[in-house]
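# Remarks on the overall topology
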Amino acid sequence: MAIPLLLQNLRLPLIGAPMFTVSYPELVIAQCRAGVVGSFPALNARPQPELDAWLTRIESETLTPYPGVKASAPFAVNLIIHKTNPRQAEDAAVCIAHKVKILITSLGAPPRELVDAVHGYGGIVLHDVIHAKHAEKALAAGVDGLIVVASGAGGHAGRLSPFSLVAEIRKFYADGLIVLSGAIATGGAVVAARAMGADMAYVGTRFIATQEAHAAAEYKQAIVAASTDDIVYTDRVTGVLGNYLQDSLVRAGIDPADTQAGPGSLRLSNEQGKAWKDIWGAGQGVTAIGDIPPVQELVTRMATEYRQTLDRLVGIGE
């Protein structure tokens, strides 16, 4: 399958998912220096002129990898392609000026002129999808790969099993880049993602419970303590279905058992950063999370799990 050159030779075939209010420069830099792709939503940089400063800092501080890592990985920026994002054009212009190597677009298929601009300096565009029909629209816009968000992913997530969703997309995208999201928190799960037809894994929740994540200590501890029973799949927060920690919803005034309230009844937008700090997204992968290590330690552990899983599978097949 076709993996772009800039995504080859990573320590793990893994992209750290961009997480609203969580993925700040400290986390992105640590991920890249550990040998996996780090990313952040452009909307995390506030006010908008801060985006330029963030990119400058990340570019500078990812030049040197951690000891024992061959090379730092590239970083990615997530752009919300939707009319409700007033910063879309400005953020895109800043990313293009910095020649950001990887853009991750979400919600709406990216305009062709954006894709062409990124291709013009040798970058790539990846697009989030939760359904095959969304994948077809994004590919028509010229994107270089798909981030397939299956059930169990933290934050906005799809309804479909990763087995069925990846298989359906592979019918018309046989050799293209697929990055799979959905309850991936260990090196073994990265192997499983590749076994079912994805090229890379997209990991978010596991990185919230790290020392470098820009998340409250209570949020990190809640993830460590959580089980799948604590994850609620609801559209009450934004109008789009997603996975959240139940206790944070209750504290925000959302009763998960209330079937009468409509989608987006809390009506939090991406610009309401303060409110979002109290609504904690998390995926079903919380069951595999038991500590809050530095990113370097976590990636080393996952790389070891990845190799051990491959070795075990080879042994099973003999």
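Only a predicted model underlies this, so the values are computations on that prediction, with no experimental measurement involved.

Packing of helix α2 (residues 50–61) against helix α3 (residues 88–97) leaves a shortest axis separation of 10 Å and a crossing angle of 30°. With respect to their mutual orientation, α2 and α3 come out roughly parallel. In this structure, α2 crosses over α3, and the sense of that crossing is right-handed. Note on element contacts: α3 touches α2 through Asp91, Val94 and Cys95, opposite Leu51, Asp52 and Leu55.

Moving on: α2. The end-to-end C-alpha distance of α2, which contains twelve residues, comes to 16 Å, matching closely the 16 Å that a straight helix rising 1.5 Å per residue would cover. Every buried residue of α2 is accounted for by Leu51, Trp54, Leu55 and Ile58. Burial along α2 is one-sided: seen end-on, the buried residues are contained in an arc of 95°. For α2, the secondary structure elements touched by its buried residues are α1 (25–33), β2 (38–41), β3 (75–80) and α3.

Attention shifts here to the sheet that holds strand β1 (residues 14–16). A sheet is described by the order of its strands in space; here eight strands give the open sequence β1-β9-β8-β6-β5-β4-β3-β2, paired in parallel fashion. In the strand order of this sheet, the two ends are held by β1 and β2, each with one partner. Going from strand to strand, the sheet's axes swing by 25° on average, the running direction of each strand aside. Of the strand pairs in this sheet, β1 and strand β9 (residues 200–203) are connected by three bridges, and their pairing is parallel. By the bridge assignment for β9, Ile15 is matched with Tyr202. Sheet strands in contact with α3 are β3 and β4 (102–106), and its direction is about 160° off that of β3.

Moving on: the side chain of Asp199. Inspection of the secondary structure assignment puts Asp199 in the loop between α7 (187–195) and β9. Here Asp199 falls in the buried class, since its relative accessible area comes to 3%. Only 3.0 Å separates the side chain of Asp199 from the side chain of Arg170, close enough to count as a polar contact.

Relative to the assigned elements, Ser181 resides in strand β8 (residues 177–181). Looking at Ser181, the relative accessible area reads 9%, which means it is buried. Among all residues touching Ser181, those that are not within four sequence positions of it are Val148, Val149, Ala150, Ala153 and Tyr202.

Mapped onto the elements, Leu12 comes out in the segment before β1. Using a relative accessible area of 1% as the deciding quantity, one classes Leu12 as buried. Counting along the chain gives 290 residues from Leu12 to Met302, while the straight-line C-alpha distance between them is 8.1 Å. Setting aside residues up to four positions removed in sequence, Leu12 forms contacts with Gly35, Val36, Val299, Met302, Ala303 and Tyr306.

Side-chain pairing between opposite charges can occur once the charged atoms of the two side chains come close. Throughout the structure, instances matching the rule amount to eight salt bridges. A salt bridge links Arg87 to Asp91; its shortest N-O distance comes to 3.2 Å. For the pair formed by Arg87 and Asp91, the shared burial category is buried. A salt bridge links Arg301 to Asp291, with the nearest nitrogen and oxygen atoms 2.7 Å apart. Placement of the pair is Arg301 in helix α12 (residues 295–317) and Asp291 in the loop between α11 (273–276) and α12, with a sequence separation of ten residues. When its relative accessible area of 26% is taken as the criterion, Arg301 is described as partly exposed. Via salt bridges that share partners, Arg206, Asp291, Glu297 and Arg301 belong to a single interconnected network.

Cysteine pairs can be linked by a disulfide, which is a covalent bond between their two sulfur atoms. Counted according to the given criterion, the structure contains zero disulfides. Residue Cys32 stays outside any disulfide, its sulfur separated by 14 Å from that of Cys95, the closest cysteine. Cys32 gets classed as buried once you look at its relative accessible area, which sits at 0%. Judged by relative accessible area, Cys95 falls into the buried class, the value being 0%.

For helix α5 (residues 132–140), every residue scored as buried is listed here: Ala132, Ala135 and Ala138. Taken end-on, α5 shows its buried residues confined to a sector of 115°, consistent with a single buried face. Residues Lys137 and Ala140 are exposed on α5 and point more than 90 degrees away from its buried face. Those residues of α5 that are buried are in contact with β5 (124–129), β6 (145–149) and α6 (162–170). Looking at the residues trailing α5, positive phi occurs at Gly142, about 95°.

Thresholds applied
Residues numbered from 1 in each chain as written. Predicted model: local features only at pLDDT ≥ 70, side-chain atom pairs only at ≥ 80, totals over all residues. Heavy atoms only, no water. Axes fitted to C-alpha atoms, helices over the stretch in contact; angles between N-to-C directions. Helix = DSSP H or I, 4+ residues; strand = E, 2+ residues; numbered from the N terminus. Parallel < 35°, antiparallel > 145°, perpendicular 65-115°, else oblique. Left-handed = near helix turned anticlockwise from the far one by under 90°. Contact = heavy atoms within 4.5 Å. Expected span 1.5 Å × (residues − 1). Buried < 20%, exposed > 50% of the residue type's maximum accessible area, 1.4 Å probe, protein only. Arc of directions from axis to C-beta. Pairing = 2+ DSSP bridges. Polar contact = N/O pair within 3.5 Å; in protein donor to acceptor, adjacent residues only side chain to side chain. Salt bridge = Lys/Arg side-chain N within 4 Å of Asp/Glu carboxyl O. Disulfide = S-S within 2.5 Å.

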